[in-house]
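Spelled out, the chains give:
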Amino acid sequence: MSIFKRAIFIPQRTYRIGMAAFLLFILGLAVIWGERPVAQVASYAVANRVIVIDPGHGGFDPGAQRGEFKEKEITLAISRKLEQNLSKAGAMVILLRDSDESLSDSELKGSLSERKRQDLGRRVEKANEAKADLYISIHANADPSPRWRGAQTFYNKNSTEAKLLAESIQQELTAGLGNTNRKALAGNYYIIDKTKMPAVIVEVGFLSNPEEARLLSQPDYQQRVATAIFTGITKYQANLLVDKQD
Ligand SMILES: [Zn+2]
């Protein structure tokens, strides 16, 4: 037996224990790494940002409704999950409503459209007064035909930042939900017109599509939608920080 062979001789039992320990170590690394959500990498970017979350509709205004599924309930559930994600990452979140209520005066005796105007006006006012950095409005779509489906993000065509934010969110919705090829679109909406910060409306899917309506009412799917929006926001913010450093 040569010196070399003797030098690398390891008793079989020691060898097996060593290999087992090594494999356990690798497995441990894989578990730790696997459990780390990708978004965590960029989540520092939202720390201390003031972010308004606007759960669409509420109270007297149910929004779209198909059978048991109400837009105002789905928007609130997803908004609460998004609020948790953002708060954990250190953002200062303003959730515009946290119960089944509108922001209009309950004693306002005007028509429904007057109450709706007051409600939307106050949402915009709160965001502008807080000088928020971002405004995320959550809605669900509905169409007379049941065939359309898919989440889609809208932005004010005059805001480059809002466009980038909407595209970032849309990319994560596409990747995270795996059921839409929709693109972020410019849209004419009061909320994204009147708010002074980059603002987007996320239509999380179609209540008029029975399968999507069912999905949107499930907490697991709501969390996937919220996580996709959260990741889209953090990546947008991280890119802003990188641009500033250049
Ligand atoms: Zn709506």
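Reading the values: rules and limits
Every residue gets a number counted from 1 within its own chain, in the order that chain's sequence is written. For this predicted model, a pLDDT threshold of at least 70 governs which residues receive local features, and a threshold of 80 or more governs which side-chain atom pairs are given and counted, while totals over whole chains, interfaces and linings are taken from all residues. Elements are defined by DSSP. Helices are runs of H or I of four residues or more, strands are runs of E of two residues or more, and each kind is numbered from the N terminus. With C-beta atoms placed from the backbone, the exposure class of a residue follows from how many other C-beta atoms lie within 10 Å of its own: 20 or more, buried; 12 or fewer, exposed; in between, partly exposed. The contact criterion used here is simple: two residues whose C-beta atoms, placed from the backbone, lie within 7 Å are in contact. DSSP-based pairing: two strands are paired if at least 2 bridges between them are found. Whenever a helix is involved, its axis is fitted only over the stretch in contact; in every case the axis is a line through C-alpha atoms, and angles between N-to-C directions fall within 0 to 180 degrees. A set of buried Ala, Val, Leu, Ile, Met, Phe, Trp, Tyr and Cys residues, joined through C-beta atoms within 7 Å, is what we mean by a nonpolar core. To estimate how far a helix should reach, multiply one less than its number of residues by 1.5 Å.

Draft legend 1. Expanded view of the overall build of the protein chain. Scanning the protein chain for helices and strands turns up 9 helices and 8 strands. In the protein chain, which comprises 246 residues, the proportion classed as buried is 39%. Across the protein chain, the fraction of contacts at a sequence separation of at least 24, relative to all contacts at a separation of at least 6, is 77%.

Draft legend 2. Focus on unusual backbone geometry. If you check the backbone angles, histidine 57 has positive phi at about 65 degrees while not being a glycine. Phi is positive for lysine 131, which is not a glycine, with a value near 50 degrees. Mapped onto the elements of the fold, lysine 131 is located in the loop between helix H5 (112–129) and strand E5 (134–141).

Draft legend 3. Structural context of the environment of arginine 66. Structurally, arginine 66 can be placed in strand E2 (residues 65–66). Through-space distance from the C-alpha of arginine 66 to that of phenylalanine 206 is 9.9 Å; in sequence the pair is 140 residues apart. Once residues lying within four places of it in the same chain are set aside, the contact partners of arginine 66 are Ala142, Leu207, Ser208 and Ala213.

Draft legend 4. Local environment of the pairing of E5. Extensive coverage of E5 is indicated by the burial of 8 of its 8 residues. The alternating pattern of E5 places Leu134, Ile136, Ile138 and Ala140 on one face and Tyr135, Ser137, His139 and Asn141 on the opposite face, and all of these are buried. In terms of strand pairing, strand E1 (residues 50–55) meets E5 through 5 bridges, oriented parallel. Counted as the bridge partner of proline 55 is isoleucine 138 from E5. Pairing of E5 with strand E8 (residues 199–206) involves 6 bridges; the strand directions are parallel. In the strand pairing of E8, asparagine 141 is matched with phenylalanine 206.

Draft legend 5. Fine view of the sheet that holds strand E6 (residues 152–155). Strand order in the open sheet formed by 6 strands is E4-E1-E5-E8-E6-E7, and the pairing between neighbours is mixed. Each having just a single partner strand, strand E4 (92–95) and strand E7 (185–186) make up the two edges of the open sheet. By the bridge criterion, 4 bridges tie E6 to E8 in an arrangement that is antiparallel. Across the sheet, tyrosine 155 pairs through a bridge with valine 200, a residue of E8. The strands touched by helix H4 (residues 71–88) are E1, E4, E5 and E8; relative to E5, the strand with the most contacts, the crossing angle is about 145 degrees.

Draft legend 6. Geometry of the nonpolar core. Grouped together as the largest cluster of nonpolar side chains are 53 residues, with contacts concentrated most on Ile51, Ile136, Val200, Val202 and Ile229. Of the residues forming this core, the biggest block, 7 residues, is contributed by helix H9 (residues 219–245). Not counting residues up to four positions away in its chain, the partners in contact with isoleucine 229 are Leu82, Ile136, Ile169 and Val202.

Draft legend 7. Molecular detail of H5. Helix length check: H5, at 18 residues, gives a terminal C-alpha distance of 26 Å against a target of 26 Å (1.5 Å per residue), a fit within 8%. Among the residues of H5, Arg115, Asp119, Leu120, Arg123, Val124 and Ala127 are the ones counted as buried. The elements touched by buried residues of H5 are E1, E5 and helix H7 (190–194). The first or second residue beyond H5 is lysine 131, which carries a positive phi of 50 degrees.

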